[in-house]
Structures are given as C-alpha cells and as structure tokens.
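Architecture and fold: a report
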Amino acid sequence: MIPDIEKSSTADIRAFQEKKLVETLAYLSKTSKFYRRHFEKHNVDIAEITSLEYLSKIPTTTKEDLQLYNDDFICVPRNKIIDYVTTSGTLGDPVTFALSDKDLDRLAYNEAISFACAGIGENDVVQLMTTMDRRFMAGLAYFLGVRKLGAGIVRVGAGIPELQWDSILKFKPTYLITVPSFLLKLIAHAEKHGIDINNSGVKGAICIGEPLREQDFSLNTLSSKILSKWDIKLYSTYASTEMNTAFTECEYQIGGHHHPELIIPEILDDNDNPVEQGEIGELTITTLGVEAMPLLRFKTGDMLRMHHETCKCGRNTPRLGPVLGRKKQMIKYKGTTLYPPAMGNILNDFSEVDCYIIEISHNDIGTDEITLRISAKTISEQLLHNIKDHFRAKLRVTPKIQFHNKKEILAMQFPEMSRKPINVIDKRT
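In this text the structure is predicted, and so the values were computed from the model without any measurement.

Rules of the game
Residues numbered from 1 in each chain as written. Predicted model: local features only at pLDDT ≥ 70, side-chain atom pairs only at ≥ 80, totals over all residues. Heavy atoms only, no water. Helix = DSSP H or I, 4+ residues; strand = E, 2+ residues; numbered from the N terminus. Rg over C-alpha atoms; globule rule 2.2 N^0.38 Å. Buried < 20%, exposed > 50% of the residue type's maximum accessible area, 1.4 Å probe, protein only. Contact = heavy atoms within 4.5 Å. Areas by Shrake-Rupley, 256 points an atom, 1.4 Å probe, with all protein chains shown as cover. Lys, Arg positive; Asp, Glu negative; His and termini not counted. Charge placed at Lys NZ, Arg CZ, Asp CG, Glu CD. Pairing = 2+ DSSP bridges. Axes fitted to C-alpha atoms, helices over the stretch in contact; angles between N-to-C directions. Parallel < 35°, antiparallel > 145°, perpendicular 65-115°, else oblique. Core = buried A, V, L, I, M, F, W, Y, C linked by side-chain atoms within 4.5 Å. Arc of directions from axis to C-beta. Phe/Tyr/Trp six-rings, centres within 6.5 Å; stacked < 30°, edge-to-face > 60°. Lys NZ or Arg CZ within 6 Å of the ring centre and 35° of its normal. pLDDT = per-residue confidence, 0-100.

Within the chain, the regular secondary structure consists of 11 helices and 21 strands. For 429 residues, the compact-globule estimate of 2.2 N^0.38 gives 22 Å, and the C-alpha radius of gyration of the chain, at 22 Å, lies within 12% of that figure. Across the 429 residues of the chain, 53% fall into the buried class. A fraction of 65% describes how many contacts in the chain between residues 6 or more apart in sequence connect residues 24 or more apart. For the chain, the exposed surface amounts to about 20000 Å²; the carbon and sulfur share of it is 49%. The centroid of the 53 positive side-chain charges in the chain is displaced by 3 Å from the centroid of its 56 negative side-chain charges.

Put into structure tokens, the structure is as follows:
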C-alpha cells in the first residue's frame with residue numbers, strides 16, 4: 001500500500017506539492033480568520049507563492065498563536081466539526097483542535113499508509129496500548145488507520161502488563177502500538193510469570209513518544225535493552241496533533257518517511273531560514289488536505305535533521321531522523337548544550353533505575369540547572385558514583401542527582417488528567 005506519489009521522481013513530488021500548496025493558500029485565504037489577518041499584517045500576496053522556495057516569504061506560525069487565537073484557526077462551521085481533541089498549550093490552557101468528517105478520513109489514510117510502511121497488512125492483528133479517550137488524537141488515529149488497512153485491532157489501552165499479556169496470549173496480535181519503555185515492563189512481567197515472549201506471535205512494535213535510535217540510526221540504550229530479550233522489530237513513528245500526519249519507518253529503519261500528499265516539512269534555523277541539507281533545525285510544517293484546522297509554516301518545536309537520499313524501499317521521499325529534543329527544552333549546562341532525551345538514554349543504561357524525572361530550572365545566577373530525580377531498586381553510593389561517571393563519560397557533565405521513592409516519582413510522571421507519562425519538568429521562566 002505505497003501511494004504512487006511516494007515512488008515518483010523528486011521533481012514530480014516537488015511539482016505535486018507546489019500544486020497542493022497553491023490550493024492550500026487559496027483555501028486559507030478564503031476560510032481562515034487567522035491566516036487572512038496574517039497575510040494582511042505581513043503584506044503577503046499569496047498569488048506570488050507558487051514554489052516551495054517562496055514559502056519563506058510567509059512568516060511562521062507558533063504555538064503561542066494557536067493559544068491566543070485558537071478559534072480563529074477553525075475554517076469550517078461548527079456543524080461540520082465531528083471530533084474535538086486537545087493538546088497542552090504553551091501558555092497553560094489546552095489548545096483545541098477540531099476535525100471534520102473529511103479530516104477523520106484523512107487521518108485514517110495517513111495511519112494506514114504509515115502502518116503499511118512498517119510492514120503491517122490486512123492479515124495482521126494490532127494491539128493498541130494507548131488511550132482513545134481524554135480528547136487524545138493518537139489513539140483514535142491508530143484505530144482508524146488499522147481499520148482502514150483492513151487489519152484486526154485489540155483495544156487494550158495504556159498500562160496494566162497483566163491485561164496486556166492476557167490479550168496477547170488470547171488474541172495473538174502480530175504488532176503492538178506502544179511507548180517503547182513499556183515493553184520493558186511487559187518483558188519483566190513475562191519473566192516473572194514464566195511467559196515465553198519469543199513464542200507469543202508478536203513480530204513487531206510501532207513505538208511512539210520515545211526515541212529508538214541514535215542520530216546515525218544505530219540502536220539506543222532503550223531499544224537495545226528491549227531487543228536483547230525480545231526478538232521483534234521496533235519501528236519508530238513520529239507525529240503530533242498539530243500535524244495530523246505521521247512519519248513512520250519502513251523495513252530499513254533509517255528515518256520516518258514523508259507523505260508528500262499530506263504535509264510539507266521544512267527544517268529551519270533560529271532565524272526561520274532553511275538549514276543546509278543534513279543539518280539540525282526546527283521542524284516546521286504546512287498541512288495539506290486538512291479541512292477544519294489547516295496550519296501554514298507551523299513551528300513544531302522539535303529539533304531534528306532531514307535525510308534526502310533515496311531509500312532502499314523504493315520511496316523517493318525525505319525521511320525525518322530521530323528527534324534530538326524540544327527546542328524550548330534545550331539546556332546550556334556548564335558550557336555544554338544538552339537535550340533531555342540524551343540524559344534519559346543514559347539513565348536507561350542502569351537496570352537499577354525504576355523511573356525518573358529530569359527537572360530543569362534556573363539557579364540563583366540565572367543559568368540552567370538540572371536535577372535528576374530517580375527511583376532505584378536499591379539506593380547506594382556505588383550506584384550514585386556509577387551514574388555520575390556515566391554522565392561524565394557520555395555528556396562530559398554531571399547533573400545533580402536525588403533519590404526518591406517510586407511512589408513520589410510516579411506521582412510526578414502521571415499528574416491528574418495526564419494522558420501520557422511526563423519525564424521532563426521544565427521550571428525555567
């Protein structure tokens with residue numbers, strides 16, 4: 001199930017996207033209160049935007065814009081909105097996203113071709129280990145995509161290893177959709193209860209929310225730990241509510257493939273200019289074919305690089321590499337630039353660490369401070385010494401480390417109304 005456009009030449013893909021861009025600009029000018037104001041304020045003549053290079057003539061859209069003018073982004077009458085979802089806002093209150101019936105069809109198509117990219121077909125059964133409630137888009141998207149693909153689905157929801165294994169043994173899913181660190185809990189439960197995980201019928205997992213690979217696509221600590229025990233394939237998928245689109249790995253696992261019929265990605269520097277090919281920048285997206293809340297040059301906040309070489313799978317689409325971190329969570333610590341995922345990867349090296357919180361704050365002189373709040377099976381000076389040595393070796397710096405009981409860390413990871421675990425708390429202004 002590979003769309004023809006993804007195997008077209010790069011020139012044809014470009015021409016296709018430019019045609020879709022012109023249609024999107026016309027639609028926004030006609031239906032979006034926010035973008036009509038945006039064009040007028042910045043003297044943008046959309047008739048001049050006929051190529052991807054000319055996109056830079058349009059100022060970017062930010063998460064603060066969505067927060068301040070949320071309703072003005074909606075382009076359809078209220079009676080055409082079928083589903084409402086929310087995502088956390090940069091200024092505190094949730095941001096609402098509205099989806100029309102057409103948008104739900106688009107969402108299903110996106111996930112269907114994304115799952116197909118990872119090798120899932122109509123003869124597979126997929127176990128969904130994320131929530132579909134609490135106004136969460138991801139779980140609904142996965143369900144719709146699997147349904148469109150024609151595969152079977154087992155909706156278990158998040159957590160509860162015992163229930164997950166009961167479903168795996170009863171329904172024999174071939175693929176799981178899950179946060180990868182949860183797979184370690186499944187492995188631990190299986191080992192404790194004598195379940196043969198490599199005879200379970202599970203072939204692979206579509207992994208969300210946490211990185212699986214280093215920047216060169218080699219396995220990171222988390223995925224290495226999983227694969228040392230469980231002989232399955234791990235596929236990374238990257239998406240967000242704002243994008244209404246996913247970038248999912250194919251069988252060669254060298255980045256999430258771009259779907260040119262659904263989105264235009266840009267990688268921008270601090271001045272909102274495109275970076276050189278292969279350099280790291282902020283992913284900025286323009287959605288195509290979205291009816292209720294399309295976005296134009298929207299800055300996602302995620303720092304990564306794009307890979308343009310043709311993939312061995314036959315697709316000529318660019319691929320997104322692993323997310324280095326959130327731009328706003330970049331830390332300048334003792335002369336070193338850090339992102340939280342790099343610290344999480346180091347902590348994942350220690351089997352003694354149960355769970356953790358990375359807390360970022362400002363100290364008395366206004367510079368960045370890092371405190372690692374850790375729950376460990378056994379607390380000792382030797383463990384503390386080993387963690388500090390590992391940080392020095394890998395990152396050249398050592399954050400403050402404090403040990404807590406597991407209950408305290410879990411309370412911080414899963415605050416009331418949380419839909420997914422929180423591993424980073426940023427207290428900087």
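Another point: the sheet that holds strand β19 (residues 368-376). Read from one edge to the other, the open sheet built from four strands follows the order β20-β19-β18-β21, with strand pairing classed as mixed. At either end of the open sheet lies a strand with only one pairing partner, and these are β20 (400-403) and β21 (424-426). Strand-to-strand, the axes of this sheet are offset by a mean angle of 20°, without reference to chain direction. Looking at chain direction, β19 and β20 are connected through four bridges and run parallel. Pairing of I374 across the sheet is with F403, part of β20.

So, on to the sheet that holds strand β12 (residues 298-304). Hydrogen bonds between backbone atoms are what pair the strands of a sheet, whose relative direction is either parallel or antiparallel. Overall, antiparallel pairing links the four strands, which are arranged β10-β11-β12-β15 in an open sheet. A strand with exactly one partner marks an edge of an open sheet, and here the two such strands are β10 (263-268) and β15 (325-326). Looking at chain direction, β12 and β15 are connected through two bridges and run antiparallel. Counterpart to M303 in the pairing with β15 is G325.

Bringing the packing of helix α4 (residues 101-117) against helix α5 (residues 137-149) into the picture now. Packing of α4 against α5 brings their axes to within 7 Å, and their N-to-C directions diverge by 70°. With respect to α5, the axis of α4 lies roughly perpendicular. On the side of α4, the interface is formed by L104, L107, A108, Y109, E111, A112, F115 and A116, while α5 contributes M137, L140, A141, Y142, L144, G145, V146, K148 and L149.

This paragraph deals with the nonpolar core. Counting 44 residues, the largest nonpolar core has Y35, I58, L66, L283 and L296 as its most contacted members. Not counting the four nearest positions on each side in its chain, Y35 is found in contact with L28, T61, F73, P294, L295 and L296. Counting residues in each nonpolar core, the second largest holds 22 residues, with V353, I370, I387 and F391 among its members.

Now for helix α2 (residues 33-41). Looking only at α2, the buried set comprises F34, Y35, H38 and F39. Projected down its long axis, α2 carries its buried residues within an arc of 130°, all on one side. Opposite the buried face of α2, by more than 90 degrees, sit the exposed residues E40 and K41. Check the buried side of α2 and you find it contacts α1 (10-31) and α3 (63-68). Phi turns positive, to about 55°, at N43, one or two residues after α2.

Taken as a whole and judged by the stated rule, the model has eight aromatic pairs. When the ring of F34 is compared with that of Y35, the centres are 5.0 Å apart and the planes differ by 85°; the resulting orientation is edge-to-face. With a relative accessible area of 0%, Y35 lands in the buried category. Within the aromatic cluster, the residues linked to one another by ring pairs are F34, Y35, F39, Y69 and F73. For R37, the ring lying beneath its charged end belongs to Y69, and the centroid distance is 5.2 Å. Across from the ring centre of Y54, 4.6 Å away, lies the NZ or CZ of K57, which sits over that ring.

This part takes up the confidence of the model for the chain. Taken over all residues, the pLDDT of the chain has a mean of 92, while the share at 70 or more is 97%. Averaged pLDDT values for the elements of the chain fall to 81 in strand β17 (residues 336-338) and rise to 98 in strand β3 (residues 125-128).

So, about the environment of V156. Locating V156 in the fold gives a position in the loop between β4 (152-155) and α6 (161-171). Among the residues examined, V156 registers a relative accessible area of 18% and is labelled buried. C-alpha separation for the pair V156 and E416, spaced 260 residues apart in sequence, amounts to 21 Å. If we ignore the near neighbours within four places in the chain, the residues touching V156 are Q127, L128, L163, Q164 and S167.

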